[in-house]
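# A structural walkthrough
Spelled out from the first residue to the last, the chains are:
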Amino acid sequence: MVSPRPPNGMEDEEDEAIRIAIALSLGEDPDAPPLGTPPRPTELSRARDARERAQERQRIRIRDQARDAELDRRERDVLSHPAFDYQSFHDRINARPPVSARREPPPAETKNRVTVDLTLDSDDDDVVDDSNDARAVIKPAIEEEDPSKAKNEDLLQNRRDAERDEAVEDKNGIGAQASVTTSGPGGGVIGGILGGLDRKKMEEERLARLGKRKASELTGGPKEENDRAMKQRAGPMHRSALVNSGVYQRQKLDWPRTDSPASLTSLPSLGSSGQAPSRSSNFTTNNERTSARNTSNVPFPRGVVKKTWSRSQPRLGDDIKIEEVFQKEKLRLAVLSSYQWDDEWIETKLDMANTKVVFIAFAANDAEKELMESNVSRARVRFCFPRMQNIGAMHSKLQLLKYDDYLRIVVPTGNLVPYDWGETGTMENMVFIIDLPKLEGPNQERATLTTFGQDLSYFLTEQGLDDRLVESLKKYDFSETERYGFVHSICGSQGAGEAWRKSGYCALGRVVKGLGLGSQAPIEVDYVCASLGAINDSLLNAIYYACQGDDGLKEYQSRTARAKGREDRVVRDHTRVYYPSDETVRQSRGGRNHAGTICFQSRYYEAPTFPAEVLRDCKSTRTGLLMHSKIIFARLPNEPSRSPTRPGGFFYLGSANLSESAWGRLVRERGSGELKMTCRNWECGVVLPADSYRDEHGQDTWKIFQNTVPVPMEHPAAPLTEDGPLRPWFGR
């Protein structure tokens, strides 16, 4: 202890020297206050602050070390992987504008923002005061939290990144398109939001990290850190967390709350009037109805088919970007259906501050629905959950996009993920788009739907979309769809009355016949697909007969007929199925690690009932791209008796691969003997006619498609073989 200091004026130099010597010999501070004297408040605060600063520095040091180790691991994995294309990466980095030239998003307006209110009976604009950040329209409001919770920010982020990377790498390798697999009723995949993470807190942390990153770039941070961050942003190899919405899974999307899975009672109509139109029998392009604008003022009034844009390919006028499909600057309402989602990517393609969204998505049970709905604001985003069976997939791909004066119907073959829309430069898809002007005037009340519109409405109703929203389709001019067909597969059994004719291959045959495209003579069928099921002659015959205009009865009656073998031979001789060989996948730009969504099992191929002779190697006309498209090309015989104006064929474009899950099976119900069509998936697509035959076509019957659809694959194609480089691609 230090001896008490004598009172002022009573200590001399000798006493002071003795006191200091004693204190130093004991290892104490000679200037310490006397024993029993309480420390001054300033000294307490300084000690506490010093201790807290030391703890903070230690925490930051540990965090930075863990983060740097993780970044280094990712960088090594990417750069050392054989699928990494350094030249493509280098070109992409050089194409980025300087940091100072990049446009920052405008600040969110806080007054008089014009939005579409989903709770209104009509879709007239409502002026509301929205002071939230633009991102808050899809993310939940972030509440203030206990500052002590901030210590978990990096742990949560690292856990999310690790789960995301393991999901991709463990199944299909770096950059592959896959999700975490787990057991469930659908035998499907689980990933993303249902992992138990706090999405609200994670979003707050992500925005904070983004702000720090931008500040570091603007102030010229260390070159090594900036290079590493740029490499991470350069591509989707580690970033994209994919969520399949068609089978049992955890949804990564932040979806809205609804009162029930099958009812969205407060949704707006797609048009502006709340009156229910009555029906009329005739529908032509020269009818007496008037549109809001002339069809020349909408981009695609008669419909168009395009390839998806690809980063690695030159633009030749036959492709389209997702930004050009959405036109987010003027998009007011979007109804989106997909099998896979990347919600962070989707947010970058939509203006969530001014666009309201309805997602038609899959949930395995009520708990998943509630969890997905609880993560977003009900005011901006809503859900529709189609009913599902114990097995099967919500595989349909459809977009209804509402603008001020027209409705855009989009039927793509790809999902809402970046690689399906060309952003990795490894995969291509196809898309059908048609723009329908809004009807105006008193004749709107007498408007009706074409068969295309009726089948679309039936499909949306079966999926559980709000009745009022479906009814509002009648506020748009469907007359240009009169020569097109909408085909769908409905999950479950359809047997009441004529319902079996409205699903699966029965619906395909009904639509083909209704468009006047059927034929009793042999036709040529070429089927491009990204996935193959357990095909047999029964399914192959069903698709072939449907393309001839049969509603399913011919295939059903031929299953036990004595001439079955002869019929199978005819169908095989006139059918080709395009699926990539192992060599085609291996030589593609992305290689095997980017073929995760191209699926076929060897046990199907090796089955004695599999018609292997119909398989052809599927190579894209755009060198190096893999194809995720699903298209059926049907070429009708060029008979002299045919009308010169009759189409020489047609094509189907949609979500359905060649499998019984997608197209169903027609059977008779036990007991009642009634016909029943059973499908395990939700699917949809369109049927469009080709050109008519003309003398200049000669013997090249493929030319009938040259003005209607960009044929995506090379033809004729080499047959696939049981072994060797042309064996089918079975995955890694």
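Quick caveat: nothing in here was measured; it's all calculated off a predicted structure. (Residues numbered from 1 in each chain as written. Predicted model: local features only at pLDDT ≥ 70, side-chain atom pairs only at ≥ 80, totals over all residues. Heavy atoms only, no water.)

## Considering the overall build of the protein chain
- Each helix and strand counted, the protein chain has 18 helices and 27 strands in total.
- Counting all 732 residues of the protein chain, 51% fall into the buried class. (Helix = DSSP H or I, 4+ residues; strand = E, 2+ residues; numbered from the N terminus. Buried < 20%, exposed > 50% of the residue type's maximum accessible area, 1.4 Å probe, protein only.)

## Focus on the packing of aromatic side chains
- In the structure shown here, the tally under the stated rule is 20 aromatic pairs.
- Ring geometry for tryptophan 341 and phenylalanine 359: centres 5.4 Å apart, planes at 80°, overall edge-to-face. Of this pair, tryptophan 341 sits in strand S8 (residues 340-341) while phenylalanine 359 sits in strand S9 (residues 356-360), placing them 18 residues apart in sequence. Like tryptophan 341, the residue phenylalanine 359 is buried in the burial classification. (Phe/Tyr/Trp six-rings, centres within 6.5 Å; stacked < 30°, edge-to-face > 60°.)

## Observations regarding the side chain of serine 310
- With respect to the helices and strands, the residue serine 310 is situated in the loop between strand S5 (304-308) and strand S6 (319-320).
- The exposure class of serine 310 is buried, given its relative accessible area of 0%.

## Overview of helix H9 (residues 366-373)
- The set of residues buried in H9 consists of Glu368, Lys369, Met372 and Glu373. Summarising the axial view, the buried residues of H9 lie within an arc of 125°, below the 170-degree limit, and thus occupy one face. Turned more than 90 degrees away from the buried face of H9, the exposed residues are Asp366, Ala367 and Glu370.
- Check the buried side of H9 and you find it contacts strand S10 (381-384).
- Sitting at the amino-terminal end of H9 is asparagine 365, which places a side-chain oxygen 3.2 Å from the backbone nitrogen of alanine 367. (Arc of directions from axis to C-beta. Contact = heavy atoms within 4.5 Å. Polar contact = N/O pair within 3.5 Å; in protein donor to acceptor, adjacent residues only side chain to side chain.)

## Side note on the pairing of S9
- Most of S9 sits out of view: 5 of its 5 residues are buried.
- Here strand S7 (residues 333-337) runs beside S9; their pairing, made up of 5 bridges, is parallel. Opposite serine 337, over in S9, you have isoleucine 360 as the bridge partner.
- Here 4 bridges tie S9 to S10, and the two strands are oriented parallel to one another. Across the sheet, residue phenylalanine 359 finds its bridge partner in S10, namely phenylalanine 383. (Pairing = 2+ DSSP bridges.)

## Let's talk about empty space enclosed by the protein
- In this structure the tally under the stated criterion is 5 cavities of 30 Å³ or more.
- Taken as a whole, the second largest cavity encloses approximately 50 Å³ of empty space.
- Around the second largest cavity, the lining residues are Tyr505, Asn536, Ser538, Leu539, Ala542, Glu555, Arg559, Glu660, Gly664 and Arg665.
- The element contributing the most residues to the lining of the second largest cavity is helix H13 (residues 537-547), with 3 residues.
- Broken down by class, the residue content of the lining of the second largest cavity amounts to 3 nonpolar, 3 polar and 4 charged. (1 Å grid on protein atoms, 1.4 Å probe; cavity = no way out; pocket = protein on both sides within 12 Å on 5 of 7 lines; lining within 4 Å. Points joined across faces, edges and corners; volume = space filled by probe spheres on them. Nonpolar A, V, L, I, M, F, W, Y, C, P; charged D, E, K, R; others polar.)

## Details of unusual backbone geometry
- Of note, the bond from histidine 715 into proline 716 is cis; its omega dihedral lies within 30 degrees of zero at -5°.
- As for its placement among the helices and strands, proline 716 is situated in the segment after strand S27 (681-689).
- One non-glycine residue, glutamine 327, lies in the positive phi region at around 50°.
- For glutamine 327, the location among the structural elements is in the loop between helix H7 (322-326) and S7.

## Topic: the sheet that holds strand S25 (residues 665-668)
- Pairing is antiparallel in the open sheet, where 3 strands are placed in the order S18-S26-S25. The sheet is open, and its two borders are formed by strand S18 (492-494) and S25, each paired with just one other strand. Here the strands of the sheet are splayed against their neighbours by 30° on average, with no regard to which way each runs. (Axes fitted to C-alpha atoms, helices over the stretch in contact; angles between N-to-C directions.)

## What to know about the pairing of S7
- Of all 5 residues in S7, 5 are buried; the element is thus mostly enclosed.
- Taking every second residue as pointing to the same face, both faces of S7 are buried, with Leu333, Val335 and Ser337 on one and Ala334 and Leu336 on the other.
- Here S7 runs beside strand S12 (residues 398-402); their pairing, made up of 5 bridges, is antiparallel. Bridging across to S12, leucine 333 finds its partner in lysine 402.

## Concerning the pattern of salt bridges
- Summed over all chains, the structure comprises 26 salt bridges.
- Notably, a salt bridge pairs arginine 315 with aspartate 319, separated by 3.1 Å at the nearest N-O pair.
- The exposure class of arginine 315 is partly exposed, given its relative accessible area of 39%.
- For aspartate 319, a relative accessible area of 6% gives the class buried.
- Between glutamate 613 and arginine 572 there is a salt bridge, and its shortest N-O distance comes to 2.9 Å. In this pair, glutamate 613 is assigned in the loop between helix H17 (602-605) and strand S21 (615-617) and arginine 572 in helix H15 (residues 564-573), connecting sequence segments 41 residues apart. (Salt bridge = Lys/Arg side-chain N within 4 Å of Asp/Glu carboxyl O.)

## Things to note about the sheet that holds S5
- Pairing within the open sheet is mixed, and its 8 strands lie in the order S6-S5-S15-S13-S12-S7-S9-S10. In the strand order of this sheet, the two ends are held by S6 and S10, each with one partner.
- Most of the contacts of helix H10 (residues 451-463) go to S12, to which it runs at about 105°, and overall it touches S9, S10, S12 and strand S13 (406-412).

## Quick word on helix H12 (residues 504-514)
- The buried fraction of H12 amounts to 8 of the 11 residues, a majority that puts the element mostly inside the structure.
- By the burial criterion, the buried members of H12 are Gly504, Tyr505, Cys506, Ala507, Leu508, Gly509, Val511 and Val512.
- Phi turns positive, to about 75°, at glycine 516, one or two residues after H12.

## Considerations on the confidence of the model for the protein chain
- With 63% of its residues at a pLDDT of 70 or more, the protein chain has an overall mean of 74.
- For the stretch residues 158-197, pLDDT sits under 50, and the model shows 115 contacts to residues farther than four places along the chain or on other chains.
- This model gives residues 216-268 a pLDDT under 50, and the stretch forms 212 contacts once residues within four places in sequence are excluded. (pLDDT = per-residue confidence, 0-100.)

## A closer look at the packing of H12 against H13
- Between H12 and H13, the shortest axis-to-axis distance is 7 Å and the interhelical angle comes to 20°. Here H12 lies roughly parallel to H13, going by the angle between them. Here the hand of the crossing between H12 and H13 comes out left-handed. Together, Tyr505, Leu508, Gly509 and Val512 of H12 and Ala542, Ile543, Ala546 and Cys547 of H13 make up the contact between the two elements. (Parallel < 35°, antiparallel > 145°, perpendicular 65-115°, else oblique. Left-handed = near helix turned anticlockwise from the far one by under 90°.)

## As for the environment of leucine 350
- Take leucine 350: it is sitting in the loop between helix H8 (343-349) and S9.
- Considering only alpha carbons, one finds leucine 350 and leucine 331, 19 residues apart in sequence, at a separation of 8.1 Å.
- Beyond its immediate stretch of four places on either side in the chain, leucine 350 contacts Phe326, Lys328, Leu331, Leu336 and Val357.

## A word on the state of the cysteines
- Inspection of every chain in the model, using the stated rule, returns 0 disulfides.
- Free cysteine: cysteine 491, not disulfide-bonded; nearest cysteine sulfur from cysteine 679 at 8.4 Å.
- Summary of cysteine pairing: cysteine 679 is not part of a disulfide, and the nearest cysteine sulfur, belonging to cysteine 506, is at 8.2 Å. (Disulfide = S-S within 2.5 Å.)

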